[in-house]
Amino acid sequence: MNEASPICAVLIHVADVSQALDWYQAAFPHAVRRNLAAFDFEFLDIDGVCLEIVPADEKVGMGAGGSVVYWRVDDFDAALKHFTSIGAALYRGPLEIQNGLRMCQVRDPWGNCIGLRG
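The sections below set out a description of the structure shown in this document.

This part is about the overall build of the chain. Across its full length, the chain holds two helices and eight strands. Counting from the amino terminus, helix and strand elements in the chain follow one another as β-α-β-β-β-β-α-β-β-β. Relative to a compact globule of 118 residues, whose C-alpha radius of gyration would be 13 Å, the chain shows 14 Å and is just as compact. Along the longest, intermediate and shortest principal axes, the C-alpha atoms of the chain span 45 × 30 × 25 Å. Of the contacts formed within the chain by residues at least 6 apart in sequence, a portion of 55% connects residues at least 24 apart. Carbon and sulfur atoms make up 52% of the accessible area of the chain, which totals about 7100 Å².

Spelled out as structure tokens, the structure:
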């Protein structure tokens, strides 16, 4: 975990945890898959942020629901192309924002939003 970051974990709710772990590993190729054997729990470590893929349930379902985490990308066009090539669908944008940057939202195969900014 990155002790300097205020973000320690992002939970993504899905119907199929194993399939989603594989998809998110492809979406973030530099992520390191980690396993907490004592809890039988796998997650992805992305530069010190834990991406925790968990089952959707009656309290927290899948899909766009309000909050979106934006990931900083060095090459916006390449990142958007990468995400759509593995099955993400463009949901909002792209929009021009400050300092020549762009941002958009894509949806994973379970309907959850992922923000890209760069």
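So, about helix H1 (residues 17-27). Residues spaced three or four apart along an α-helix point in a common direction, a consequence of the helix completing one turn every 3.6 residues. Among the residues of H1, Ala20, Leu21, Trp23, Tyr24 and Ala27 are the ones counted as buried. Buried positions in H1, seen along its axis, are confined to an arc of 165° and lie on one side of it. The elements touched by buried residues of H1 are strand E1 (9-14), strand E2 (32-36), strand E3 (41-46), strand E4 (49-55), helix H2 (76-85) and strand E8 (113-117). In this structure Asp16 caps H1, since a side-chain oxygen of it lies 3.3 Å from the backbone nitrogen of Ser18.

Glancing now at the sheet that holds strand E5 (residues 70-72). The strand order E5-E8-E7-E6 describes an open sheet built from four strands, whose pairing is mixed. Whereas interior strands pair on both sides, the edge strands pair on one side only; in this sheet they are E5 and strand E6 (89-96). When strand polarity is set aside, the average angle formed by the axes of neighbouring strands in this sheet is 20°. Here five bridges tie E6 to strand E7 (residues 102-107), and the two strands are oriented antiparallel to one another. By the bridge assignment, Leu90 is partnered in E7 with Val106. Strands in contact with H2 are E6, E7 and E8; relative to E7, the strand with the most contacts, it is inclined by about 5°.

Okay, the environment of Ala15 next. As for its placement among the helices and strands, Ala15 is situated in the loop between E1 and H1. Distance from Ala15 to Ile53, taken between C-alpha atoms, is 9.8 Å for residues 38 residues apart in sequence. When neighbours within four sequence positions are excluded, Ala15 is seen to be in contact with Met62 and Trp110.

What counts and how
- Residues numbered from 1 in each chain as written.
- Predicted model: local features only at pLDDT ≥ 70, side-chain atom pairs only at ≥ 80, totals over all residues.
- Heavy atoms only, no water.
- Helix = DSSP H or I, 4+ residues; strand = E, 2+ residues; numbered from the N terminus.
- Rg over C-alpha atoms; globule rule 2.2 N^0.38 Å.
- Contact = heavy atoms within 4.5 Å.
- Areas by Shrake-Rupley, 256 points an atom, 1.4 Å probe, with all protein chains shown as cover.
- Buried < 20%, exposed > 50% of the residue type's maximum accessible area, 1.4 Å probe, protein only.
- Arc of directions from axis to C-beta.
- Polar contact = N/O pair within 3.5 Å; in protein donor to acceptor, adjacent residues only side chain to side chain.
- Pairing = 2+ DSSP bridges.
- Axes fitted to C-alpha atoms, helices over the stretch in contact; angles between N-to-C directions.

None of the figures reported here should be taken as evidence of function without further support.
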